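Now for the letters of each chain:
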Amino acid sequence: MTGGLDLSLGREEMESYLRSQRTARVATTGAGGQPHVVPLWFVWHDGTLFLNSTRGNPTVENALRTGRVAAVIDDGEDYDALRGVTLSGRVEQAEDDSRLPRVEREWSEKYLGGGEVPYRRWRNRVWLRLVPERIASWDFRKIPEAKARREAERAKRR
């Protein structure tokens, strides 16, 4: 909600948005309490954010140490076109997730046009799985419609 206006994405809108976007800014907390934010490619599948990265880097180390991450996926250049989703919750390694073969295919289709996934040749790759405990969304493109709806409701009460 912004200024009493409901600008959130509906469930289907959010699902479509998360499947279409390419970059999540993933936030973790370092051992000394410092924030650490990096852009990562992701796959949104079955209510879960799947991230692929390299073991030993600060993002993976922080995530596995604390078991918590937050991520924002957003777009828009002008104020009235801004939209996005924030997700936060527990994160864990996903190697044992039965959905991983499908997630890898989706990742390949999304980023490589269905081509071979190069990280299989890279060492120390890890899939992380974030099942969000909290999700918030906004779509400022809805401001005119939300204002009109609010005015119509006020007019009914008069």
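Provided above is the structure to which this section pertains.
Residues numbered from 1 in each chain as written. Predicted model: local features only at pLDDT ≥ 70, side-chain atom pairs only at ≥ 80, totals over all residues. Heavy atoms only, no water.

Novice: I'm lost on the sheet that holds strand β2 (residues 35-45) in this one. Help?
Specialist: Sheet strands pair by backbone hydrogen bonding; their relative direction is either parallel or antiparallel. Pairing is antiparallel in the closed barrel, where six strands are placed in the order β1-β2-β3-β6-β5-β4. In this sheet, adjacent strand axes meet at a mean angle of 40° when their direction is disregarded. Direction of pairing for strand β3 (residues 48-54) relative to strand β6 (residues 125-139): antiparallel, over a ladder of six bridges. Its bridge partner lying in β6, Ser 53 is registered against Val 126. Most of the contacts of helix α1 (residues 11-20) go to strand β5 (residues 83-93), to which it runs at about 75°, and overall it touches β2, β4 (68-75), β5 and β6. (Pairing = 2+ DSSP bridges. Helix = DSSP H or I, 4+ residues; strand = E, 2+ residues; numbered from the N terminus. Axes fitted to C-alpha atoms, helices over the stretch in contact; angles between N-to-C directions. Contact = heavy atoms within 4.5 Å.)

Novice: Explanation requested: the side chain of His 45 in the structure shown.
Specialist: Positionally, His 45 belongs in strand β2. A distance of 2.8 Å separates a polar atom in the side chain of His 45 from a polar atom in the side chain of Glu 106. (Polar contact = N/O pair within 3.5 Å; in protein donor to acceptor, adjacent residues only side chain to side chain.)

Novice: Would you explain the pairing of β4 in this entry?
Specialist: Strand residues, when the strand is regular, have side chains that alternate between the two faces of the sheet. As paired strands, strand β1 (residues 23-29) and β4 are joined by three bridges and run antiparallel to one another. Counterpart to Val 26 in the pairing with β4 is Ala 71. Sheet topology places β4 next to β5; eight bridges connect them, and they run antiparallel. Residue pairing for β5: Arg 68 is matched across the bridge by Arg 90.

Novice: Hey, could you run me through the packing of aromatic side chains in this one?
Specialist: The description of two aromatic rings rests on the distance between their centres and on the angle between their planes. In this structure the tally under the stated criterion is four aromatic pairs. A ring pair is formed by Trp 41 and Tyr 111, whose centres lie 4.1 Å apart and whose planes are at 5°; its orientation type is stacked. Of this pair, Trp 41 sits in strand β2 while Tyr 111 sits in helix α3 (residues 100-112), placing them 70 residues apart in sequence. Residue class for Trp 41 comes out partly exposed when judged on its relative accessible area of 38%. Between Tyr 79 and Phe 140, the ring centres sit 4.8 Å apart and the planes meet at 50°, which makes this aromatic pair tilted. Of this pair, Tyr 79 sits in the loop between β4 and β5 while Phe 140 sits in the loop between β6 and α4 (143-157), placing them 61 residues apart in sequence. (Phe/Tyr/Trp six-rings, centres within 6.5 Å; stacked < 30°, edge-to-face > 60°. Buried < 20%, exposed > 50% of the residue type's maximum accessible area, 1.4 Å probe, protein only.)

Novice: What should I look at first to understand α3 in this one?
Specialist: For the α-helix, the turn length of 3.6 residues means that residues three or four positions removed from each other point alike. Helix length check: α3, at 13 residues, gives a terminal C-alpha distance of 17 Å against a target of 18 Å (1.5 Å per residue), a fit within 8%. In this structure, the buried residues of α3 make contact with α1, β2, β3 and β6. (Expected span 1.5 Å × (residues − 1).)

Novice: Looking at this model, I keep getting lost on the nonpolar core. Mind explaining?
Specialist: Grouped burial of nonpolar side chains is what soluble globular proteins tend to show. Ranked by size, the top nonpolar core spans 33 residues in total, and within it Phe 42, Leu 49, Ile 73 and Trp 127 carry the most contacts. No other element matches the five residues that β2 contributes to this core. Apart from the residues lying within four places of it in its own chain, the contact partners of Phe 42 are Leu 18, Gln 21, Arg 22, Thr 23, Ala 24, Leu 49, Phe 50, Leu 51, Ile 73, Lys 110 and Tyr 111. Counting residues in hydrophobic clusters, the runner-up holds five residues, among them Leu 7, Phe 140, Ile 143 and Ala 146. (Core = buried A, V, L, I, M, F, W, Y, C linked by side-chain atoms within 4.5 Å.)

Novice: Before we go on, may I ask you to explain the environment of Gly 47 in this structure?
Specialist: If you trace the backbone, Gly 47 turns up in the loop between β2 and β3. A residue is classified by how much of its surface remains accessible, and Gly 47, at 28% relative accessible area, is partly exposed. Measuring from C-alpha to C-alpha, the distance between Gly 47 and Asn 124 comes to 26 Å, with 77 residues separating the pair along the chain. Among all residues touching Gly 47, those that are not within four sequence positions of it are Val 131 and Pro 132.

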